[in-house]
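Summary of the model geometry
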Amino acid sequence: RACAIVHAFHLDLLPEIVERLSLCGRLHHAIISHPPHLRSEDVLAHCQPLIDRGVQVNAQRLPNRGRDVLPFVSVVEQALNTGCEAFIKVHTKKSGYLPDQRGEAWRTGLLTGLLPSPDNIERIVAFVVNAPVAGFAAPRRWISTVDEDIRDRRVLRQLERRGDIRRWGRARRIFPAGTMFWCGRNWLEFVRDLGLRPDEFDPEPMRHVAGVAHAMERLIGSFV
């Protein structure tokens, strides 16, 4: 069974995510976080196609701090309690700071790569559930390397020590740029056990790079 973890900051983009999620025949739960200025009723209205299919959808207000990362951290325990084995984390990504509509291309590329077709979704779910070691799945085009991308490694090293991650020499650490990915229970359990607090995340407007939010985006590469 699969669970979707969605942060809906831009409500107008939620139908696009719901349409892609509808391709996943194993979707049983969807946890939709949204900022306080949106009404849960409006969020759930956009999720009606999933509800009509029998997906258990829960919408809840959470502060938009650390962009989509603190909302993700805040619902990890709830996601684990669904009993699902596969999880997809997505959000209404606009990336308005990018020129020439590159933010839109990034979002649509991530969503179509993560949720391409019912058969390919089956293959992705099978991978994250059955892999003998911890892993994640994301479109190849948006997989980056930690050492090339992050400008402030200090926070990442602190999180690695906090999670008792031992660095293996010069082994390359890759991560899903854009914080959209499929994963298994092991990554969510690790995030839960970190015990991150809301006050550890930068308030909005957040800096483009560095801080706990961006370090968490890359930490999955260290974990894997």
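For the structure, check the block above.
Described below are features of the structure shown in this document. Note that this is a predicted model, so its numbers are computed, not measured. (Residues numbered from 1 in each chain as written. Predicted model: local features only at pLDDT ≥ 70, side-chain atom pairs only at ≥ 80, totals over all residues. Heavy atoms only, no water.)

1. What about the nonpolar core?
Ranked by size, the top nonpolar core spans 73 residues in total, and within it L21, F72, W182, W187, L188, M216 and L219 carry the most contacts. Sorting elements by how many residues they give to this core places helix α4 (residues 69–81) first, with eight residues. Those residues in contact with M216 that lie beyond four places of it in its chain are V69, V73, L159, W187, V191, L194 and L196. (Core = buried A, V, L, I, M, F, W, Y, C linked by side-chain atoms within 4.5 Å. Buried < 20%, exposed > 50% of the residue type's maximum accessible area, 1.4 Å probe, protein only. Helix = DSSP H or I, 4+ residues; strand = E, 2+ residues; numbered from the N terminus. Contact = heavy atoms within 4.5 Å.)

2. What to know about the side chain of H91
Assignment of secondary structure puts H91 in strand β4 (residues 86–91). Residue class for H91 comes out buried when judged on its relative accessible area of 9%. Only 3.3 Å separates the side chain of H91 from the side chain of T179, close enough to count as a polar contact. Ignoring anything within four residues of it in the chain, the contact list for H91 reads H7, I17, D68, G178, T179 and M180. (Polar contact = N/O pair within 3.5 Å; in protein donor to acceptor, adjacent residues only side chain to side chain.)

3. What to know about the environment of I174
For I174, the location among the structural elements is in strand β7 (residues 174–176). The exposure class of I174 is partly exposed, given its relative accessible area of 30%. Residues I174 and V146, 28 residues apart in the sequence, show an inter-C-alpha distance of 5.8 Å. When sequence neighbours within four positions are dropped, the list of residues in contact with I174 reads F136, I143, S144, T145 and G221.

By themselves these figures say nothing about function.
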